[in-house]
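Letter by letter, the chains look like this.
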Amino acid sequence: MRIVQLVRIKQMELAIADMPKIKNGNEVLLKVKSVGVCGSDVHYYSDGKIGSQVVSFPFIVGHECSAEVVEVGRDVQNLKIGNLVVIEPSVACGVCDQCLAGRPHTCRNVKFLGCPGQLSGCFSDYIVMPESNCLEVTGYLTPVQAALIEPLSIGIYAVRLAEISNSSLAVCIFGAGPIGLSVLLKLLVDNITNVGMVDPLDYRLKKADEIGTHYIINPTHEDVAKRVKNEEENYIDVVFEASGEQEAIENAARILKPGGKLVLIGIPSSAEFKFNMDIMRRKEIIIINVRRQNHCVDEAIRLVKSGKVNVDKMVTHHFTLEETPKAFDMVEGYIDGVIKAVVNF
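Overview of the structure. (Residues numbered from 1 in each chain as written. Predicted model: local features only at pLDDT ≥ 70, side-chain atom pairs only at ≥ 80, totals over all residues. Heavy atoms only, no water.)

1. Section: the overall build of the protein chain
In terms of regular secondary structure, the protein chain is built from eleven helices and 19 strands. Relative to the 2.2 N^0.38 estimate, which gives 20 Å for 345 residues, the radius of gyration of the protein chain is 20 Å and therefore close to what a compact globule would have. Seen through its principal axes, the protein chain has C-alpha atoms that stretch 60 × 40 × 35 Å. Approximately 15,300 Å² of the protein chain is accessible, and the part contributed by carbon and sulfur atoms is 47%. In the protein chain, 36 side chains carry a positive charge and 42 a negative one; their mean positions are 3 Å apart. (Helix = DSSP H or I, 4+ residues; strand = E, 2+ residues; numbered from the N terminus. Rg over C-alpha atoms; globule rule 2.2 N^0.38 Å. Areas by Shrake-Rupley, 256 points an atom, 1.4 Å probe, with all protein chains shown as cover. Lys, Arg positive; Asp, Glu negative; His and termini not counted. Charge placed at Lys NZ, Arg CZ, Asp CG, Glu CD.)

Dropping the structure here:
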C-alpha cells in the first residue's frame, strides 16, 4: 500500500509499505478515504515534536480521517464491509482510573492515531482500528465531512467545558483556523451570537464573518482591547484561544472581565505560555485547558447530519495522497488562503 511518511523536518516522502492486518477480533481493516491536515500534524512537520511527544523518523502522521470498512474481525458486530465510518483517533484502554472516571481522552495508556510512540497515522491507504473507534455514517455524510468530525468535536468539547449558561454573554475567539471556526459553529448552534473573532489573516476573518461572527479584529491593524471596548463596554465573559500564540494570551487577559474564562485550545510551538499574573490574579481569571475531546463525536455527527453545522465551509483545498507534501507546505505557510486542506484517496 501507499504511505506518506515524515522522514525529517519539513520533508515527506511517498513510499510503499506492507498492508496492516487485523490482529484482534474487535478490529476492522479500513481503506482511508479523506484526511484533514491538522495543526498538530504541522507541528510534527515543522518542529518534529509537540512538547514531550517527539517524532522518531520515519513516521506517518495524521488523525482526522474517514474510511471505508474492507474487512472485519470475528468479534465485530455493528460494522459491515462497505460502511463509511468516522474515525475516533484516540484508542483508550477502558480500565485505568481515567477511563473509569469517564475521561478516556486522558487515558493513562492512550494510543492516538498519528502520535509518536503510540500509533502510526492515517496518511496511508489502509489502517486498522478497533470497531469502537469507528462510527458509521454511510449515506449521511461525505468522506470529507466525516474526516472533519474530529476537529469539530474539539470545538464542541471546548464550548461544553466553557459552560456558557447565558446566550447573551460576550465571547471572543482568537484564531480563525479550523478549530476556532469549529468553536464558532458550535456557539452559533447554541444561539450564542455575541462573538468576536481575532486573527491576523484577513482571509480567515472573512471566512469567520461569512459563517456568522458578530465582529472581526485584525490585531496587526487594530488595538484589540480598544476595539473590544467599543464593542463590549464591560469586556468579554469567555475567550477561546485557538491560535497557540503568546500575543493572543496577553490580549485575552486584557479583554476578559473579572471572573472571566480563558479556554486554551491552541498549541504553542514552544510548549509554553507566559501569563501576566498581576492581571490574571486581580481579575481572578479562570483558565480551562482543552485536551482533544471527550464524548463529543456523536454530537458532532448529529450536527453535521442534521445540517445545523456545515463543515464544508472550512475546506479550501483538496489534494491527492501524492500531493500531501504540498498540502503540508501550504498549511504551514498559510499559502493561497488555506484554512482546511484535505487529502482525498
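Past the structure itself, the notes keep going.
2. Structural notes on the pattern of salt bridges
Counting across every chain of the model gives 15 salt bridges. Note that Glu-299 is salt-bridged to Lys-186, the shortest N-O span being 2.6 Å. Within this pair, whereas Glu-299 is found in helix 10 (residues 297-306), its partner Lys-186 is found in helix 5 (residues 178-189), the two being separated by 113 residues in sequence. A relative accessible area of 8% means that Lys-186 is categorised as buried. (Salt bridge = Lys/Arg side-chain N within 4 Å of Asp/Glu carboxyl O. Buried < 20%, exposed > 50% of the residue type's maximum accessible area, 1.4 Å probe, protein only.)

3. Some points on helix 8 (residues 246-255)
All buried positions along helix 8 are accounted for by Ala-248, Ile-249, Asn-251, Ala-252, Ala-253 and Ile-255. Next to the buried residues of helix 8 lie strand 12 (171-174), helix 7 (224-231), strand 15 (236-241), strand 16 (256-264) and helix 9 (277-283). (Contact = heavy atoms within 4.5 Å.)

4. Examining the nonpolar core
What tends to happen in soluble globular proteins is that the nonpolar side chains get buried as a cluster. The biggest cluster of nonpolar side chains holds 51 residues, and the ones touching the most others in it are Val-86, Leu-181, Leu-187, Phe-240, Val-263 and Ile-265. Other than its neighbours up to four places away in sequence, Phe-240 contacts Ala-158, Val-159, Ala-162, Ile-164, Val-171, Cys-172, Ile-173, Phe-174, Val-183, Leu-187, Val-263 and Ile-265. Counting residues in each nonpolar core, the second largest holds 43 residues, with Ile-3, Cys-134, Ala-327 and Val-338 among its members. (Core = buried A, V, L, I, M, F, W, Y, C linked by side-chain atoms within 4.5 Å.)

5. Describing the side chain of Asp-41
Within the secondary structure layout, Asp-41 lies in helix 1 (residues 39-47). For the buried Asp-41, no salt bridge exists, and the shortest N-O distance to an oppositely charged side chain is 6.9 Å, to Lys-340. Setting aside residues up to four positions removed in sequence, Asp-41 forms contacts with Gly-36, Val-61, Gly-62, His-63, Phe-123 and Phe-328.

6. As for the sheet that holds strand 16
With respect to topology, six strands assemble into an open sheet ordered 14-13-12-15-16-17, the strand pairing being parallel. Looking at the sheet topology across the chains shown, the edges are occupied by strand 14 (215-217) and strand 17 (286-289). For this sheet the average axis-to-axis angle between neighbouring strands, irrespective of direction, equals 20 degrees. Two elements, strand 16 and strand 17, share four bridges in a ladder whose sense is parallel. Counterpart to Leu-262 in the pairing with strand 17 is Ile-287. Along the sheet, helix 4 (residues 149-162) contacts strand 15, strand 16 and strand 17; its crossing angle with strand 15, the most-contacted strand, is approximately 150 degrees. (Pairing = 2+ DSSP bridges. Axes fitted to C-alpha atoms, helices over the stretch in contact; angles between N-to-C directions.)

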